[in-house]
Amino acid sequence: MNENRKFTSIALKINASFLLKRFFGVIWFNIVLCVLIVGTYVYWINEHLPENSVAEGYNFKYNGYYRDITYNVETSNGKEYTYKVFDFFDYLAFPGLCLLSFECLYLLGCVGGTNKIRRKLRPLNELAKKAEEISSVSLDYTKFENLEHAIYNVSPDAPGAKISTDDKDLQSIEIAINNLIYRMKESQKQQTRFVSDASHELRTPIAVIQGYVNMLDRWGKEDEKVLVESIEAIKNESQHMKELIEQLLFLARGDSGRNNLKLEEINLKNLMEEVWEESLMIDEKHVYSFDGEENLIINGDVAMIKQSARIFIQNAAKYSPEGTKITIKAKLVNGAPSYIIQDEGLGMNQEEVSHIFERFYRSDEARNGNTGGTGLGLSIAKWIVDAHNGLINVVSSDELGTRFTISFVKEI
Ligand code: ADP
């Protein structure tokens, strides 16, 4: 039988009780009708006895064949009258047949009605079926023991670590646990890569500093040129190291949820105007322009949003030739308060754009260009924008330069 057409006890009970009610309703109606007809027949005969005689006793008599049933009346004047019941009931044969057909049609209609009920009750049927199924499943505790055993034996450090019980009933739990193990391993891998990249990046300035210290030790005491050059290099490298460590600390605090935002209402136009004025003072090698719309109010952390804007602006300056224009805007983009930083620099191809928010990523051009970056700036900017429920859109081409649009699409 088709699974979907199976009936549960609930639906059957409802169907059966609906049909039985209608059926007994018809039977009762017929009984009452018969009693009324027979009563009317008896009353009519008694009232219309010949010679105005009065009935004193009456009975029905069965004479061996149903058509010979008679109604007998004894009257007060000692006479007895006999009436063949079916002489009268023959008149009722046709209306009786019509009534019976009508009743049959009515009952058939009720069967159709139960189909409708059945359809309406289908979800209830399914529910009851599932409940029956669940209640019929006996809990097998050895399955849980097997699962426990498999979890206990898995070594999360092993490559491709997975649990497996070969049990179909436990498949979905197995998949969920294996997904969890996979995500844990991925995050562990990321963490390890981060630590190794960080160590690698710190090793370079330390090696440079060490080199200059050795040079100072050998010749710096007598040679003033070596002395000045070494001090300058050590200053630069230690400054670079300080920046790197500050950026690493920011990201580490972000990862562990300790970078708390101090939220307040911010006028985005005013904030970006301040960053623009700062840039004018710091960098005289580029042409900065600013354009801002009024009433761009967002909820955010002033210091952090400024920090993110500075990262995009410093990158625009780092990766654009001197004398080119850097445009800063604050405006509504697709209905969201946004700021835009656009440069006329060296731009990036699609492949590069897809990596720029990864920690320590620097394009080959950036590495060779001696621009002095760490590869962490955009990771920090992205963390800040994400923390403000914002979105970053990047459009870049080798000919035109790069445009970053940061939109605060949702309130925090
Ligand atoms: P970095 O310290 O190297 O600037 P970021 O994380 O800030 O690190 O940027 C990552 C890389 O993205 C950069 O090394 C550079 O290759 C690329 N990049 C970022 N901004 C721009 C830009 N405005 N124009 C061209 N390339 C850019």
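Note: the structure precedes this text.
This write-up is about the structure you can find in this document. (Residues numbered from 1 in each chain as written. Predicted model: local features only at pLDDT ≥ 70, side-chain atom pairs only at ≥ 80, totals over all residues. Heavy atoms only, no water.)

Around the ligand sit 19 residues in total, of which Tyr319, Arg362, Ser363, Thr374 and Leu378 are the nearest. Take threonine 374: an N or O atom from its main chain is 2.8 Å from an oxygen atom of the ligand. At a separation of 3.3 Å, an oxygen atom of the ligand approaches a polar backbone atom of glycine 377. In the complex, 98% of the free accessible area of the ligand, which totals 520 Å², lies under the protein chains. For the shell around the ligand, the elements supplying multiple residues, two or more each, are helix 9 (302-318) and helix 12 (377-387). (Near = heavy atom within 4 Å. Polar contact = N/O pair within 3.5 Å; in protein donor to acceptor, adjacent residues only side chain to side chain. Areas by Shrake-Rupley, 256 points an atom, 1.4 Å probe, with all protein chains shown as cover. Helix = DSSP H or I, 4+ residues; strand = E, 2+ residues; numbered from the N terminus.)

Further remarks concern the packing of aromatic side chains. Per the stated rule, a full pass over the model turns up 16 aromatic pairs. Ring geometry for tyrosine 58 and tyrosine 71: centres 6.2 Å apart, planes at 45°, overall tilted. A residue pair is termed long-range when its members are at least 10 positions apart, and tyrosine 58 in strand 1 (residues 55-61) and tyrosine 71 in strand 2 (residues 70-75) qualify at 13 residues. Ring geometry for phenylalanine 88 versus phenylalanine 89: centroids 5.4 Å apart, planes at 80°, classification edge-to-face. Feature note: the residues Tyr41, Tyr58, Phe60, Tyr65, Tyr66, Tyr71, Phe86, Phe88 and Phe89 constitute an aromatic cluster, connected by ring pairs. The residue whose ring lies beneath arginine 359 is phenylalanine 194, and the NZ or CZ to ring-centre distance is 4.8 Å. (Phe/Tyr/Trp six-rings, centres within 6.5 Å; stacked < 30°, edge-to-face > 60°. Lys NZ or Arg CZ within 6 Å of the ring centre and 35° of its normal.)

Next up on the list: the sheet that holds strand 8 (residues 336-342). One open sheet accounts for five strands, arranged 5-7-8-10-9; its pairing is mixed. One side of each edge strand has no neighbouring strand; the edge strands of this open sheet are strand 5 (287-292) and strand 9 (391-397). Averaged over all pairs of adjacent strands, the angle between their axes in this sheet comes to 15°, without regard to strand direction. Where helix 8 (residues 268-282) meets the sheet, it contacts strand 5, strand 7 (325-333) and strand 8, and its direction lies at approximately 170° from that of strand 5. (Pairing = 2+ DSSP bridges. Axes fitted to C-alpha atoms, helices over the stretch in contact; angles between N-to-C directions. Contact = heavy atoms within 4.5 Å.)

On to helix 7 (residues 224-255), then. Compared with an ideal rise of 1.5 Å per residue, which puts 32 residues at 46 Å, helix 7 spans 46 Å between its outermost C-alpha atoms and is within 8% of the ideal. Restricting attention to buried positions, one finds in helix 7 the residues Val226, Ser230, Ala233, His240, Met241, Leu244, Gln247, Leu248, Phe250, Leu251 and Gly254. On the buried face of helix 7, the contacting elements are helix 6 (171-220), helix 9 and helix 12. Between the side-chain oxygen at the start of helix 7 and the backbone nitrogen of lysine 225 there is a gap of 3.0 Å, and the oxygen is on aspartate 223. Just downstream of helix 7, glycine 257 is the residue with a positive phi angle, here 70°. (Expected span 1.5 Å × (residues − 1). Buried < 20%, exposed > 50% of the residue type's maximum accessible area, 1.4 Å probe, protein only.)

Moving on, we come to the nonpolar core. General note: in soluble globular proteins, nonpolar side chains tend to be found buried as a group. Core analysis: the largest hydrophobic core is formed by 43 residues, its most contacted members being Met272, Phe312, Tyr339, Ile341 and Phe404. Of the residues forming this core, the biggest block, eight residues, is contributed by helix 9. With sequence-adjacent residues up to four places away left out, methionine 272 is seen in contact with Phe290, Ala309, Ile328, Ala330, Tyr339 and Ile341. Of all hydrophobic cores here, the second largest spans eight residues; its members include Val42, Ile45, Leu49 and Val73. (Core = buried A, V, L, I, M, F, W, Y, C linked by side-chain atoms within 4.5 Å.)

As a further point, take the pattern of salt bridges. Tallied over the full model, the rule gives ten salt bridges. In this structure, aspartate 90 engages arginine 67 in a salt bridge whose closest nitrogen and oxygen atoms are separated by 2.6 Å. With aspartate 90 in the loop between helix 2 (85-89) and helix 3 (93-120) and arginine 67 in the loop between strand 1 and strand 2, this pair connects stretches of sequence that are 23 residues apart. Residue arginine 67 is classed as partly exposed on the basis of its relative accessible area, which comes to 29%. Notably, a salt bridge pairs arginine 310 with glutamate 278, separated by 2.8 Å at the nearest N-O pair. Placement of arginine 310 in helix 9 and of glutamate 278 in helix 8 is noted, with a sequence separation of 32 residues between them. Overall, arginine 310 belongs to the partly exposed group, its relative accessible area being 29%. (Salt bridge = Lys/Arg side-chain N within 4 Å of Asp/Glu carboxyl O.)

Axis angle and axis distance: for two packed helices, these are the angle between their axes and the distance between the axes, and together they describe the pair. Closest axis-to-axis distance for the helix 7/helix 12 pair is 10 Å, and the angle between their directions is 35°. When you trace helix 7 past helix 12, the crossing you get is left-handed. Every residue of helix 12 that contacts helix 7 at Gln247, Phe250, Leu251 and Gly254 is listed here: Gly377, Ser379, Ile380, Trp383 and Ile384. Residue classes in the contact of helix 7 with helix 12 are distributed as five nonpolar, four polar and no charged. (Left-handed = near helix turned anticlockwise from the far one by under 90°. Nonpolar A, V, L, I, M, F, W, Y, C, P; charged D, E, K, R; others polar.)

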